[in-house]
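# Coordinate analysis (summary)
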Amino acid sequence: MDMQVAKKKLGLKERYALMTRDLGWDTTYQPMNKVFPQAEYEGIKIHDWSKWEDPFRLTMDAYWKYQAEKEKKLYAIIDAYAQNNGHLNVTDARYINAIKLFLNGISPLEYMAHRGFAGVGRQFPGVGTRVACLMQSLDEIRHSQTQIHAMSNYNKYYNGFHDYTTMIQRVWYLSVPRSFFDDAITAGPFEFMIAIGFSFEYVLTNLLFVPFVSGAAYNGDMGTMTFGFSAQSDEARHMTLGLECIKFMLEQDPANVPIVQRWIDKWAWRGYRVLTLVGMMMDYMLPKRVMSWKEAWEIYFEENGGALFNDLARYGIRPPKFLDQIAFDKDHISHQAWGTFYNYAAACNFHSWTPTDDEMDWLSAKYPNSFDKYYRPRLEHWREEAKKGNRFYNKTLPMLCQTCQIPMIFTEPGDPTKICYRESDYKGTKYHFCSDGCKDIFDHEPEKYIQSWLPVHQIYQGNCFNPGVDPTAPGFDALGAVLDYYNMAVGRDNLDFEGSEDQKNFEAWRGMATKNI
Amino acid sequence: MGVAAIKEYVGENKDRLENFHGNQLLYVGWEDHLMFCAPFAFPFPPAMRFGDVIEKVLPGAFGYHPDWAKIDWSKVEWFKSGQPWAPNFAKSLAENGLRHKDVVRFRTPGLTGIKGSCS
Ligand SMILES: [Fe+2]
Ligand SMILES: [Fe+2]
């Protein structure tokens with residue numbers, strides 16, 4: 001007969017020790033460096049993995065329970081939002097283009113983050129680090145799933161949402177966020193942690209999530225807002241992981257400091273370039289503005305980031321390079337980016353437009369040093385021409401930066417009237433860059449960046465047409481063929497907001513919801 | 001060291017000249033006219049006359065701008081990789097020394113875009 005033994009309840013600390021650190025062991029059949037083959041090649045020296053401090057002491061069983069609760073609440077709200085036609089409560093249909101940008105450009109990165117953390121979680125010899133990466137990996141796949149669910153609701157009513165998995169791999173502007181993450185995921189495990197765990201999740205995350213989540217709240221999009229709040233507790237954990245990771249590397253060996261510094265320089269720049277898209281969204285795409293890009297940069301980077309780098313100074317870490325240039329450019333990049341999407345609206349899966357008079361005045365007030373002088377004249381000119389039926393559609397393909405893959409739209413440090421051109425020669429070929437930051441990154445690892453899949457060059461090589469398409473046929477419509485390859489519906493997904501199907505449908509449906517017609 | 005890697009690693013340049021079916025890339029930017037958000041990229045045969053680029057291709061790319069029709073081509077200043085440069089319109093790209101992925105810019109003195117904003 002079995003003896004009934006009173007089960008001893010484990011304390012939090014004990015339970016944590018048993019369910020995380022105790023799960024690891026040193027291998028004997030194979031040497032540890034063969035089991036963890038990526039642990040050393042980046043030059044980071046770790047002497048004692050047990051010094052890793054787990055920021056959250058969360059165990060897997062508690063993780064599942066907690067996340068399931070959160071997810072249940074989130075889906076209840078997403079369902080209610082869908083059933084009540086919540087999409088008709090947004091400020092105006094232009095707002096939906098901000099969601100298109102997010103779901104096409106950012107959600108796939110959530111999935112890549114899932115893969116990335118799963119990958120590095122396998123590669124770190126330290127158990128605590130591995131468990132933390134596993135949890136973040138799961139967080140990220142949950143984020144991508146909930147975002148896909150949120151998107152499926154918009155996809156029922158609006159254009160441009162229907163094929164984000166193809167588009168992220170093909171569409172010219174989506175190569176910007178995609179190549180950013182491809183760069184991180186093909187780096188070693190330590191660089192990945194600085195790239196995504198620290199630079200993106202810690203230093204820059206507020207610049208991504210606050211604008212979108214507050215933007216959603218300001219513009220009546222409860223679904224997206226709820227997702228944002230639900231993800232917040234995960235984000236807090238991610239930020240702590242990123243910070244712990246960098247401190248751990250810096251404390252383990254002074255020789256790690258210059259390596260980590262270079263990664264900070266690189267990934268602050270890479271992240272900043274991707275955030276150009278967010279800046280443009282804030283300044284141009286939210287019918288009800290939250291704050292300007294410039295204000296967000298000042299609060300979330302200059303103030304908060306400044307405090308962080310003061311704190312890291314004791315390890316010999318300095319703030320990222322090129323901050324002077326970034327400080328100058330905060331008056332310009334959002335306008336330059338919106339102008340780019342206005343130029344190439346024919347090849348885009350969201351709509352663009354010229355701001356209203358009120359919006360132009362808001363921009364003048366937020367950007368007294370730049371808007372009226374450099375950007376208002378071109379926007380007003382475009383608006384005039386559009387009124388005459390001569391809307392500007394740039395149909396010639398732009399030159400791209402080899403590193404960030406953004407068209408060469410950025411201007412010289414200190415001179416917003418001159419495009420910034422930089423180039424390097426490597427093995428007898430020229431490579432071009434939008435900035436000193438992007439050139440620096442290339443020059444340090446040219447073998448990596450010569451492989452960039454640059455959409456414009458790929459089109460010219462004939463790699464962006466569907467099978468069977470003959471580009472030598474008489475009267476061949478190259479742009480049309482490329483849009484087919486992108487799976488973009490011409491006249492629905494692309495072109496100006498004015499006159500778009502989205503605009504007409506939203507007006508009609510909102511009319512039905514609010515008037516007796 | 002061209003890259004951090006666990007073993008010998010060689011990348012593939014995706015934009016080798018031979019991938020462009022007999023063309024080479026030429027990038028062209030118009031100074032002080034940033035209404036065109038970035039310089040353009042074109043695939044041209046190296047034997048193409050440089051003047052044909054100006055006369056037959058660029059109007060389609062830049063012609064939307066009200067300044068385009070006002071350009072006095074005899075006064076235009078040219079730059080190659082940022083250095084002053086004097087193209088011969090009658091000669092080919094190759095004869096003008098233009099190689100794959102070269103970048104040229106032109107400045108049109110007196111023309112500074114929409115309301116002088118360099119747009
Ligand atoms: Fe996430
Ligand atoms: Fe760049």
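My aim in this report is to walk through the structure given alongside it, one point at a time. (Residues numbered from 1 in each chain as written. Chains lettered and ligands numbered in written order. Predicted model: local features only at pLDDT ≥ 70, side-chain atom pairs only at ≥ 80, totals over all residues. Heavy atoms only, no water.)

### Thoughts on the interface of chain A and chain B
In this assembly, 53 residues from chain A lie in contact with 45 residues from chain B. Carbon and sulfur atoms make up 57% of the surface buried where chain A meets chain B, a total of about 4300 Å² over both sides. Broken down residue by residue, the surface that chain A buries against chain B is led by Y421, Y460 and Q461 of chain A, which jointly contribute 16%. Where chain A touches chain B, the interface holds three salt bridges. Between K418 of chain A and E31 of chain B there is a salt bridge, with the nearest N and O atoms lying 3.6 Å from each other. Where chain A packs against chain B, one counts 26 residue pairs in polar contact (both at pLDDT 80 or more). For the side of chain A that touches chain B, the leading source of residues is helix α16 (residues 371–387) of chain A, giving eight residues. A breakdown of the residues in the side of chain A that touches chain B according to their chemical character gives 23 nonpolar, 18 polar and 12 charged. (Contact = heavy atoms within 4.5 Å. Buried area = accessible area lost by both parts, 1.4 Å probe. Salt bridge = Lys/Arg side-chain N within 4 Å of Asp/Glu carboxyl O. Polar contact = N/O pair within 3.5 Å; in protein donor to acceptor, adjacent residues only side chain to side chain. Helix = DSSP H or I, 4+ residues; strand = E, 2+ residues; numbered from the N terminus. Nonpolar A, V, L, I, M, F, W, Y, C, P; charged D, E, K, R; others polar.)

### Focus: a nonpolar patch on the surface
Together, L10, L18 and M19 of chain A make up a nonpolar patch on the protein surface, roughly 230 Å² of accessible area in all. Inspection of the secondary structure puts M19 of chain A in helix α1 (residues 12–19). (Patch = residues over 30% accessible without salt bridge, like charges linked within 9 Å, V, L, I, M, F, W, Y side chains within 5 Å. Areas by Shrake-Rupley, 256 points an atom, 1.4 Å probe, with all protein chains shown as cover.)

### Side note on the sheet that holds strand β5 (residues 102–107) of chain B
Residues and elements named next belong to chain B. If you trace the five strands from one edge of the open sheet to the other, you get β2-β1-β5-β3-β4, paired in mixed fashion. The open sheet has two edge strands with one neighbour each: β2 (40–44) and β4 (83–85). Pairs of neighbouring strands in the sheet enclose a mean axial angle of 35°, with direction left out of account. In terms of strand pairing, strand β3 (residues 77–80) meets β5 through four bridges, oriented antiparallel. If you follow W78 over to β5, its bridge partner there is F106. (Pairing = 2+ DSSP bridges. Axes fitted to C-alpha atoms, helices over the stretch in contact; angles between N-to-C directions.)

### Concerning the packing of aromatic side chains
Residues and elements named next belong to chain A. Within the structure shown, the criterion is met by 65 aromatic pairs over all chains. The interplanar angle of 40° and the centroid separation of 5.3 Å between the aromatic rings of W49 and F248 together place this pair among those described as tilted. Of this pair, W49 sits in the loop between α2 (32–35) and α3 (60–83) while F248 sits in helix α10 (residues 222–252), placing them 199 residues apart in sequence. For the residue pair W49 and F248, the accessibility class agrees, reading buried in each case. Above the ring of Y342, the side-chain terminus of R391 is found at 3.5 Å from the ring centroid. (Phe/Tyr/Trp six-rings, centres within 6.5 Å; stacked < 30°, edge-to-face > 60°. Buried < 20%, exposed > 50% of the residue type's maximum accessible area, 1.4 Å probe, protein only. Lys NZ or Arg CZ within 6 Å of the ring centre and 35° of its normal.)

### Considering the packing of α3 of chain A against helix α6 (residues 127–155) of chain A
All names here are of chain A. Where α3 contacts α6, the two axes come as close as 11 Å, and the packing angle between them is 10°. Classified by the interaxial angle, the pair formed by α3 and α6 is roughly parallel. Touching M60, Y63, W64, Q67, K70, E71, L74, Y75, I78, Y81 and A82 of α3 are L134, M135, L138, D139, R142, Q145, T146, H149, N153 and Y154, all from α6. In the contact of α3 with α6, the residues fall into 12 nonpolar, five polar and four charged. (Parallel < 35°, antiparallel > 145°, perpendicular 65-115°, else oblique.)

### A few points about helix α12 (residues 293–312) of chain A
Residue and element names in this part refer to chain A. The sharpest bend along α12 reaches about 30° and sits at G305. For α12, the set of buried residues is W293, K294, A296, W297, Y300, F301, G305, L308, F309 and L312. On its buried face, α12 sits against α9 (189–218), α10, α11 (256–285), α13 (323–329), α14 (333–343) and α15 (357–366). (Bend = angle between axes of the 7 residues up to and from the residue.)

### A look at unusual backbone geometry
The phi angle of most residues is negative, glycine excepted, and most peptide bonds adopt the trans form. The phi torsion at N85 of chain A lies on the positive side, around 50°, for a residue other than glycine. If you trace the backbone, N85 of chain A turns up in the loop between α3 and α4 (96–105). Look at N85 of chain A and you get partly exposed, because its relative accessible area is 32%. For K115 of chain B, which is not glycine, the phi dihedral falls at a positive 50°. Counting through the fold element by element, K115 of chain B comes out in the segment after β5.

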